[in-house]
Amino acid sequence: PSNWYHPVGFAYVPDGAHGTTWGGDEEDEVESGDALQYLIDGAATTCKNVGDTGLGCYEPEFFLPQDVWEGKKYSAKLTITREVADK
């Protein structure tokens, strides 16, 4: 099993970006660079659309063919900062 085709995300409530009810409003997700970093082969991402967390470079790779995607190691580093804990 793998999470190919959809990278892991982090939210403050279950189903975060999908809302707490079917078709409901999106809930907040962890999106600050000091709390979350997406890594490819152990390194921070560096493409033009990197954003605060690196998701802008990381997520598009999950749409590559699986055999290409499996050639790299994808990970996410979550740090529970005071801001994250207080939410």
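Visitor: Describe the state of the cysteines, naming the residues involved and giving the relevant values.
Guide: The tally for this structure, following the rule as stated, stands at one disulfide. A sulfur-sulfur separation of 2.0 Å characterises the disulfide bridge that pairs Cys47 with Cys57. Disulfide Cys47-Cys57: the torsion about the S-S bond is -100 degrees, which places it as left-handed. Pair noted here: Cys47 is in the loop between β2 (43-44) and α1 (55-58) and Cys57 is in helix α1, with a separation of ten residues, a long-range link. What makes Cys47 partly exposed here is its relative accessible area of 32%. By relative accessible area, Cys57 is classed as buried at 8%.

Visitor: Please set out the nonpolar core residue by residue, giving values where relevant.
Guide: In this structure, Val30, Ala35, Leu36, Tyr38, Ile40, Tyr58, Phe62, Trp69, Tyr74 and Val84 together form the largest nonpolar core, which totals ten residues. The leading source of residues in this core is strand β1 (residues 36-40), at three residues.

Visitor: Got a sec to walk through the sheet that holds β1? Specific residues and values, please.
Guide: Two modes of strand pairing occur in sheets, parallel and antiparallel, and in both the strands are linked by backbone hydrogen bonds. Ordered by their spatial adjacency, three strands build an open sheet running β2-β1-β3, and the pairing between neighbours is antiparallel. Because the sheet does not close on itself, it has two edges, and the strands there are β2 and β3 (74-78). Sheet topology note: the β1/β2 ladder contains two bridges and is antiparallel. The partner of Ile40 across the bridge, within β2, is Ala43.

Parameters and conventions
- Each chain has its residues counted from 1, following the order in which its sequence is written.
- The predicted nature of this model means local features are confined to residues of pLDDT at least 70 and side-chain atom pairs, given and counted, to a pLDDT of 80 or more, with totals for whole chains, interfaces and linings taken over all residues.
- Only hydrogens and water are removed before side-chain values are computed, so all heavy atoms of the structure are retained for them.
- Any two cysteine sulfur atoms lying within 2.5 Å of each other are counted as a disulfide.
- Strands here are runs of E lasting at least two residues and helices are runs of H or I lasting at least four, both read from the DSSP assignment and numbered beginning at the N terminus.
- When accessible area is computed with a 1.4 Å probe and restricted to protein chains, residues below 20% of their type maximum are described as buried, those above 50% as exposed, and intermediate ones as partly exposed.
- Only buried residues count toward a nonpolar core. Its members are Ala, Val, Leu, Ile, Met, Phe, Trp, Tyr and Cys residues joined through side-chain atoms within 4.5 Å.
- For two strands to be treated as a pair, DSSP must find no fewer than two bridges joining them.

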